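Given next are the chains, with one letter for each unit.
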Amino acid sequence: MLSQKSIPSAERLIFALDVPSSDEAKALVLLFGDTIQFYKLGLELFMTGDYFTLTDWLYKQGKKIFVDLKFFDIPETVGSAVRQLKHRHATFVTVHGNDDILSAAVQEKENGLKILAVTVLTSLGQKDIEDLGFACNIAELVLSRAKRALAIGCDGVISSG
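Here's what I pulled together on the structure shown here. (Residues numbered from 1 in each chain as written. Predicted model: local features only at pLDDT ≥ 70, side-chain atom pairs only at ≥ 80, totals over all residues. Heavy atoms only, no water.)

1. Section: the overall build of the chain
Each helix and strand in the chain was counted, giving seven helices and six strands. Starting at the N terminus and walking to the C terminus, you meet the elements of the chain as β-α-β-α-α-β-α-β-α-β-α-α-β. For a compact globule of 161 residues, the expected C-alpha radius of gyration is about 15 Å, and the chain comes in at 16 Å, within 12% of that figure. Counting only residues that meet the buried cut, the chain has 35% of its 161 residues in that class. Residue pairs in contact within the chain that sit at least 24 positions apart in sequence constitute 61% of those at least 6 positions apart. (Helix = DSSP H or I, 4+ residues; strand = E, 2+ residues; numbered from the N terminus. Rg over C-alpha atoms; globule rule 2.2 N^0.38 Å. Buried < 20%, exposed > 50% of the residue type's maximum accessible area, 1.4 Å probe, protein only. Contact = heavy atoms within 4.5 Å.)

Structure (structure tokens):
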């Protein structure tokens, strides 16, 4: 079943620009044209040094931007990082961490920016959770973290199926 949220169908697909250069990212955006309206930019593109030049370019192309940098640091630093996005035209940003970190991010969102809480990294399985010292079922952990994130005021969650 599709979400009951009133998300325009053209915005339900978010394409991950997981490529090593902004030139490759731009080429994909131009190739897709009006077919794709929403793009996720992650850590690989961030490390190119062209990340915000690319977000500005995407905005000028009429695209929506998902900043997937999984901010995880002390609450004050995460809040400051979210605050820095207010003029970057981002629609979503991912934040990872405890309740205080999520709260700091939520307190700084403005200009339509939505906070998505990462419950557990999608690449982690039960054994990984145990190796990290969590003595719980991964499904229960994801559900608990999702509920807390929404109660704090996050706009959504990122979680593995």
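2. Description of the environment of A25
Summarising the element assignment, A25 is placed in helix α1 (residues 22–32). On the basis of relative accessibility, which here comes to 0%, the residue A25 falls in the buried class. Once the C-alpha coordinates of A25 and D128 are considered, the two residues, 103 residues apart in sequence, prove to be 32 Å apart. Filtering out sequence-adjacent residues up to four positions away, A25 remains in contact with L17, V19, L45 and L54.

3. Section: the side chain of K63
Along the polypeptide, K63 turns up in the loop between α3 (51–60) and β3 (64–71). Although K63 is buried, it forms no salt bridge, and the closest oppositely charged side chain is D34 at an N-O distance of 4.3 Å. A polar contact is formed between the side chain of K63 and the backbone oxygen of I36, at a distance of 3.0 Å. In contact with K63, other than residues within four places in its own chain, are V29, G33, D34, I36, Q37, Y39 and L58. (Lys, Arg positive; Asp, Glu negative; His and termini not counted. Salt bridge = Lys/Arg side-chain N within 4 Å of Asp/Glu carboxyl O. Polar contact = N/O pair within 3.5 Å; in protein donor to acceptor, adjacent residues only side chain to side chain.)

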